[in-house]
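Understanding the architecture of this molecule
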Amino acid sequence: MRREEEGVRRAARPVVRSDYAGPPPPAPPEDFGPMPQKALNRGIITEEMTGASDRDLLDAERREELRRRILKTINKTTDVHAEEIVLTDLAVQ
């Protein structure tokens, strides 16, 4: 709830009680949270996919080779240990 007093705007702030006596929330999974090298991984994938031809994307063997190249580059140049690359959405123009 806001009110104006002598040209100064003020806002009511919610109060949070700190005497909660219930059980603590469960811990998040080990791999939960921001991935520090996410941008680098996305860049690697974008670079490989941008350089791929339509045949590389339409042919199953060539697509598998592309996935292996992406996996190898990510494991070689980042701290991420990836075991598999899954290409879920693919649009070829």
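Residues numbered from 1 in each chain as written. Predicted model: local features only at pLDDT ≥ 70, side-chain atom pairs only at ≥ 80, totals over all residues. Heavy atoms only, no water.

**Notes on the overall build of the protein**
Scanning the protein from terminus to terminus reveals three helices and two strands. Its helices and strands in sequence order give the protein the pattern β-β-α-α-α, from N to C terminus. Looking at the 93 residues of the protein, the share that counts as buried comes to 15%. Carbon and sulfur atoms make up 51% of the accessible area of the protein, which totals about 8,700 Å². (Helix = DSSP H or I, 4+ residues; strand = E, 2+ residues; numbered from the N terminus. Buried < 20%, exposed > 50% of the residue type's maximum accessible area, 1.4 Å probe, protein only. Areas by Shrake-Rupley, 256 points an atom, 1.4 Å probe, with all protein chains shown as cover.)

**Quick word on the side chain of Thr78**
By secondary structure assignment, the location of Thr78 is in the segment after helix H3 (60-77). A residue is classified by how much of its surface remains accessible, and Thr78, at 9% relative accessible area, is buried. Of the polar contacts made by the side chain of Thr78, one reaches the backbone oxygen of Ile74; its length is 2.6 Å. Engagement of the side chain of Thr78 in a polar contact is seen with the backbone nitrogen of Val80, the distance being 3.2 Å. With residues up to four places along the chain from it excluded, the contact list for Thr78 reads Gln37, Leu40, Asn41, Ile44 and Thr73. (Polar contact = N/O pair within 3.5 Å; in protein donor to acceptor, adjacent residues only side chain to side chain. Contact = heavy atoms within 4.5 Å.)

**Regarding helix H1 (residues 38-50)**
For H1, built from 13 residues, the straight-helix expectation of 18 Å at 1.5 Å per residue is met to within 8% by its first-to-last C-alpha distance of 18 Å. Those residues of H1 lying buried are Asn41, Ile44 and Glu48. Looking straight down H1, one finds its buried side chains confined to an arc of 60°; they lie on one side. Counted as exposed and oriented over 90 degrees from the buried face of H1: Ala39, Arg42, Glu47 and Thr50. In this structure, the buried side of H1 is in contact with H3. (Expected span 1.5 Å × (residues − 1). Arc of directions from axis to C-beta.)

**Some words on the confidence of the model for the protein**
Mean pLDDT over the protein stands at 78; residues scoring 70 or higher make up 72%. When mean pLDDT is taken per element in the protein, H3 scores highest with 92 and strand E1 (residues 2-5) scores lowest with 50. (pLDDT = per-residue confidence, 0-100.)

**A closer look at the nonpolar core**
One broad rule of soluble globular proteins: the nonpolar side chains tend to lie buried together. With nine residues, the main nonpolar core is built from Ile44, Ala52, Leu57, Leu66, Ile70, Leu71, Ile74, Ala82 and Ile85. Per-element tally for this core: the top contributor is H3, with four residues. Not counting residues up to four positions away in its chain, the partners in contact with Leu66 are Glu48, Met49, Ala52 and Leu57. (Core = buried A, V, L, I, M, F, W, Y, C linked by side-chain atoms within 4.5 Å.)

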